[in-house]
Amino acid sequence: MQNRKMILLQRPAGNTCSELWQLDSESVPELTPGQVLTKVEFISMDPTMRAWMNEGSYDGGVALGGEAMWAFGVGRVVQSQHPNFTAGDAVHGMLKVQDYAVCAGDDLDKLSLGEEPLSYHAGFFGMTGMTSYFGITAAVDVQPGQQVLVSTAAGAVGSLVAQIAKLKGAHVVGIAGGAKKCKFVVETLGCDACIDYKSGDFSTQLKEMMPNGIDIYYDNVGVPILDFALSHINECATVVLCGVIAQIHNLNQVVGPSQYLKIAERNANLKGFTSYHYRDRFPEAVVQLRQWLEAGEIRNYEQLEHGLENFPAVFEQLFHGGNVGKLLLAP
């Protein structure tokens, strides 16, 4: 059995161009006790993968020239040498960008599927859902009537955060790029308004759409959008730091906000988090998200691309506004 895998040839210097990657193939090794062989069905495309490409990233960094690129995913067990897994089981874990994954069974989560498609567990019930849920309900506890601004509102995390905040009774304004995405944010997600950062003066749009200021800003972008938001926050506001997509290609030279003194002036909070700070509460999030989903109170939006060989181009969509909703790759 042959396994295709996408490997990283060199560390990126700025943008993640196609020359950094190579599609390789090797035989699937025999399993040893405790291991599980999984057919990868859906690969979760996440901005954090860009950080993993750097040597010495917060998780160590993917190795060059041999190891498959790191990525979370879902799949079906083909063979198992682990007592907790049998052929056909649906699993989630660090399956990487490849056709087949050999993993330690202890590193995999067996999925309990409802009526939802398996792909939902690569995003909605995976890291995307956990980040969105805990970011807007635990890192900050959104309340009815609060003024909430969400960046990348047409993206994976942003679209779910916006829906949850709206469900909780907040006045929600999204930020997206282009008229098509802004229409999606308002008409499909149900946000009260959407700022098109590609059209017109951002500060003017912000003042017009949020005349009552900002109580919660959910930041997936970083500077310069973060500075605009800080200039418009209310007393005791909270800025939730989730992502820094605007600077993801230059993580060694990240630029901080110039308007950070607004935090002190307005007795506000700057709150950072990752979903792993709430890992012991993941089952709670899955239950609640499934309830909302089955009741039709929130929806999951996916953009599915196909072909392992197309990974470089699909990956680049994350950084150029090419996707709406959760971006997935089916090998």
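For the structure, see preceding data.
For clarity, every value in this text was computed on a predicted model and none was experimentally measured.

As summarised here, the arrangement of the six strands in space is 10-9-8-11-12-13, forming an open sheet in which the pairing is parallel. At either end of the open sheet lies a strand with only one pairing partner, and these are strand 10 (193-196) and strand 13 (269-272). In this sheet, neighbouring strand axes are inclined to one another by 20 degrees on average, regardless of whether the strands run parallel or antiparallel. Where strand 8 (residues 147-150) and strand 9 (residues 171-176) come together, four bridges link them in parallel fashion. The residue of strand 9 that forms the bridge with Leu149 is Val173. Strands in contact with helix 3 (residues 156-167) are strand 8, strand 9 and strand 11 (214-219); relative to strand 8, the strand with the most contacts, it is inclined by about 170 degrees. Where helix 4 (residues 179-188) meets the sheet, it contacts strand 9 and strand 10, and its direction lies at approximately 160 degrees from that of strand 10.

Let us now look at the side chain of Asp219. Of note, Asp219 is situated in strand 11. Of the side chains with opposite charge, Lys271 lies nearest to the buried Asp219, which makes no salt bridge, at 15 Å. Of the polar contacts made by the side chain of Asp219, one reaches the backbone nitrogen of Gly222; its length is 3.0 Å. Dropping the residues within four chain positions of it, Asp219 is found in contact with Ser151, Leu226, Val240, Leu241, Cys242 and Gly243.

Turning our eyes to something else, we now look at the packing of helix 2 (residues 127-137) against helix 3. Where helix 2 contacts helix 3, the two axes come as close as 9 Å, and the packing angle between them is 40 degrees. When the interaxial angle is binned, helix 2 and helix 3 end up oblique. Once helix 2 is placed against helix 3, the crossing between them reads as right-handed. Contacts from Thr128, Gly129, Thr131, Ser132, Tyr133, Ile136 and Thr137 in helix 2 reach Ala156, Val157, Leu160, Val161, Ile164 and Ala165 in helix 3. Counted by class, the contact of helix 2 with helix 3 contains eight nonpolar, five polar and no charged residues.

Okay, the environment of Gln81 next. As for its placement among the helices and strands, Gln81 is situated in the loop between strand 4 (73-80) and strand 5 (90-93). Along the chain, Gln81 and Gly105 lie 24 residues apart, while their C-alpha atoms are 8.2 Å from each other. In contact with Gln81, not counting residues within four places along its chain, are Leu31, Thr32, Pro33, Gly34 and Gln35.

Relative to each other, helix 2 and helix 8 (residues 282-294) sit at 90 degrees, their axes nearing to 10 Å. As far as their axial angle goes, helix 8 and helix 2 are roughly perpendicular. Of the residues in helix 8, those in contact with Gly129, Met130, Tyr133 and Phe134 of helix 2 are Phe282, Glu284, Ala285, Val286, Gln288, Leu289 and Trp292.

For Gln163, the location among the structural elements is in helix 3. Of the polar contacts made by the side chain of Gln163, one reaches the backbone oxygen of Ser159; its length is 3.2 Å. When near neighbours in sequence (up to four residues on either side) are disregarded, Gln163 contacts Leu189, Ile298, Arg299 and Tyr301.

In this structure, Phe124, Ile136, Val148, Val172, Val185, Tyr218 and Leu289 are the most contacted members of the largest nonpolar core, which totals 41 residues. Of all elements in the fold, only helix 2, strand 8, helix 3, strand 9, helix 4, strand 11 and helix 8 reach the threshold of two or more residues within this core. By residue number, the principal contributor to this core is helix 3, which donates six residues. Core analysis: the next-biggest nonpolar cluster, separate from the first, contains 34 residues, Val62, Met69, Ala71 and Leu318 among them.

Now for unusual backbone geometry. Glycine aside, negative phi is the norm for most residues, and most peptide bonds take the trans geometry. The amide bond that connects Val223 to the next residue, Pro224, takes the cis arrangement and shows omega of 10 degrees. Along the polypeptide, Pro224 turns up in the loop between strand 11 and helix 6 (225-230). Not every positive phi belongs to a glycine, and Lys96 is a case in point at roughly 70 degrees. As for its placement among the helices and strands, Lys96 is situated in the loop between strand 5 and strand 6 (100-104). Residue class for Lys96 comes out partly exposed when judged on its relative accessible area of 21%. Even without being a glycine, Cys236 presents a positive backbone phi close to 65 degrees. The residue Cys236 is located in strand 12 (residues 233-241) in this model.

What counts, and where the lines are drawn
- Residues numbered from 1 in each chain as written.
- Predicted model: local features only at pLDDT ≥ 70, side-chain atom pairs only at ≥ 80, totals over all residues.
- Heavy atoms only, no water.
- Pairing = 2+ DSSP bridges.
- Helix = DSSP H or I, 4+ residues; strand = E, 2+ residues; numbered from the N terminus.
- Axes fitted to C-alpha atoms, helices over the stretch in contact; angles between N-to-C directions.
- Contact = heavy atoms within 4.5 Å.
- Buried < 20%, exposed > 50% of the residue type's maximum accessible area, 1.4 Å probe, protein only.
- Lys, Arg positive; Asp, Glu negative; His and termini not counted.
- Salt bridge = Lys/Arg side-chain N within 4 Å of Asp/Glu carboxyl O.
- Polar contact = N/O pair within 3.5 Å; in protein donor to acceptor, adjacent residues only side chain to side chain.
- Parallel < 35°, antiparallel > 145°, perpendicular 65-115°, else oblique.
- Left-handed = near helix turned anticlockwise from the far one by under 90°.
- Nonpolar A, V, L, I, M, F, W, Y, C, P; charged D, E, K, R; others polar.
- Core = buried A, V, L, I, M, F, W, Y, C linked by side-chain atoms within 4.5 Å.

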